[in-house]
Amino acid sequence: TPVLSAYRVDKRYANGTVALDDVRLSIASGEFVSLLGPSGCGKSTLLKMFAGIEAPTQGHLRWWGQAFSAVGTTGRRQSMVFQEATLMPWASVADNVRLPLDIARMPRREADERVARALDGVGLGTFGKARPRELSGGMQMRVSLARALVTEPDLLLLDEPFGALDEFTRNKLDSDLRALAKARGMTVVFVTHSLYEAVYLSDKVVVMQARPGRVIAEVEIDATVARD
Ligand code: ADP
Ligand code: ADP
């Protein structure tokens, strides 16, 4: 079974905007997939549906073959990373990253070990005690990524996570993210409007168009592209 599937999915917002029209898509385990297209083509809408934040107007979505309400029964976990780092400014970096574990009531000791590992994983092992505002934009995005990874998700959803960063920082985060995902066998859906970023990162690029939002092509990227 695919990790994610969308079948004849339409999305019409309350104001009448048709954000998605007849989207059909299937994402396999361990795949790194980009949703690529111009502003307004429905990338964020589709990602929010995968995150369970928006429901389709018609059609259906499946997570590991299940309806969203039954994802819990699959034992699989998913996390989402938003465009902005959305960190709690009053809390330390470690406290920010621990938040999902606190919500899950994980014992403090085990949680702290997980937090340390997650921060190491994104190259911020020594910054646990810092406050978010003491960090650069790229470092704050890494904290946000660590917070998403700390639950050890099977599926990671990212909405233009590095779009606000300079090109060098973005390239570095892109290659670190790909390496991390591949090392853990994570399935990733990554929203971008950068063709370069999509081709560099992905095993498969899903190309979308606007008005109405549609999938117009799915392109497999040859594994021999120089990136690993
Ligand atoms: P981006 O395109 O950079 O992802 P946003 O996520 O803020 O920007 O919004 C995406 C698009 O959705 C924008 O064109 C925005 O105007 C539109 N949008 C967001 N929320 C609403 C809303 N409540 N009503 C109408 N349009 C909205
Ligand atoms: P993208 O992420 O590709 O920029 P979006 O999914 O944000 O596209 O938006 C797709 C279309 O739906 C756009 O026309 C946008 O303005 C509209 N839209 C997005 N969110 C809302 C909303 N909450 N209410 C009404 N229209 C929305």
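Remember, predicted model here, so these are calculated numbers, not experimental data. (Residues numbered from 1 in each chain as written. Chains lettered and ligands numbered in written order. Predicted model: local features only at pLDDT ≥ 70, side-chain atom pairs only at ≥ 80, totals over all residues. Heavy atoms only, no water.)

1. Some details on the overall build of the protein
Right, on to step 1. Counting its secondary structure elements, the protein contains six helices and nine strands.
Right, on to step 2. Seen through its C-alpha atoms, the protein measures out along the principal axes to roughly 45 × 40 × 35 Å.
Right, on to step 3. Relative to its 228 residues, the protein shows a buried fraction of 48%.
Right, on to step 4. Taking contacts inside the protein between residues at least 6 apart in sequence as the whole, the part at least 24 apart equals 68%.
Right, on to step 5. On the protein, roughly 11200 Å² of surface is accessible, and the fraction owed to carbon and sulfur atoms is 51%. (Helix = DSSP H or I, 4+ residues; strand = E, 2+ residues; numbered from the N terminus. Buried < 20%, exposed > 50% of the residue type's maximum accessible area, 1.4 Å probe, protein only. Contact = heavy atoms within 4.5 Å. Areas by Shrake-Rupley, 256 points an atom, 1.4 Å probe, with all protein chains shown as cover.)

2. Quick look at the confidence of the model for the protein
Right, on to step 1. Confidence along the protein averages 94 in pLDDT terms, with 98% of residues attaining 70 or more.
Right, on to step 2. For this predicted complex, the interface score ipTM comes out at 0.73, while the overall pTM is 0.87. (pLDDT = per-residue confidence, 0-100.)

3. Observations concerning the site of ligand 1
Right, on to step 1. The environment of ligand 1 is formed by Asn15, Ser39, Ser44 and Gln83.
Right, on to step 2. Between ligand 1 and the protein, one listed contact pairs an oxygen atom with a side-chain N or O atom of Ser39 at 3.5 Å.
Right, on to step 3. With respect to ligand 1, the side chain of Gln83 contributes an N or O atom lying 3.2 Å from an oxygen atom. (Near = heavy atom within 4 Å. Polar contact = N/O pair within 3.5 Å; in protein donor to acceptor, adjacent residues only side chain to side chain.)

4. Overview of the site of ligand 2
Right, on to step 1. All residues in the neighbourhood of ligand 2 are listed as Tyr13, Asn15, Thr17, Ala19, Pro38, Ser39, Gly40, Cys41, Gly42, Lys43, Ser44 and Thr45.
Right, on to step 2. For ligand 2, an oxygen atom lies 3.1 Å from a polar atom in the backbone of Gly42.
Right, on to step 3. Separating an oxygen atom of ligand 2 from a side-chain N or O atom of Thr45 is a distance of 2.5 Å.
Right, on to step 4. For ligand 2, whose free accessible area comes to 560 Å², the fraction covered by protein is 65%.
Right, on to step 5. If you tally residues by element for the shell around ligand 2, the top one is helix H1 (residues 43–51), at three residues.

5. Examining the packing of helix H2 (residues 93–103) against helix H3 (residues 108–121)
Right, on to step 1. Relative orientation of the contacting elements H2 and H3 amounts to 120°, with a least axis distance of 9 Å. Between H2 and H3, the angle falls in the class oblique. For the crossing formed where H2 meets H3, the hand is right-handed. For the pair formed by H2 and H3, the contact residues are Val93, Ala94, Asp95, Val97, Arg98 and Leu101 on the first element and Arg108, Ala111, Asp112, Arg114, Val115, Ala118 and Leu119 on the second.
Right, on to step 2. Split by residue class, the contact of H2 with H3 holds eight nonpolar, no polar and five charged. (Axes fitted to C-alpha atoms, helices over the stretch in contact; angles between N-to-C directions. Parallel < 35°, antiparallel > 145°, perpendicular 65-115°, else oblique. Left-handed = near helix turned anticlockwise from the far one by under 90°. Nonpolar A, V, L, I, M, F, W, Y, C, P; charged D, E, K, R; others polar.)

6. A look at the sheet that holds strand S6 (residues 155–159)
Right, on to step 1. Overall, mixed pairing links the six strands, which are arranged S5-S6-S7-S3-S8-S9 in an open sheet. A strand with exactly one partner marks an edge of an open sheet, and here the two such strands are strand S5 (78–81) and strand S9 (214–220). Between one strand axis and the next, the sheet turns by 15° as a mean value, whatever way the strands run.
Right, on to step 2. Summarising the sheet, strand S3 (residues 32–36) and strand S8 (residues 204–209) pair through four bridges and their orientation is parallel. In the sheet register, Val33 faces S8, and the bridge partner there is Lys204.
Right, on to step 3. Set on the sheet, H1 makes contact with S3, S5, S6, strand S7 (187–192) and S8; between it and S6 the angle comes to about 150°.
Right, on to step 4. Sheet contacts for helix H4 (residues 137–149): S5 and S6; angle to S5, the most-contacted strand, approximately 165°. (Pairing = 2+ DSSP bridges.)

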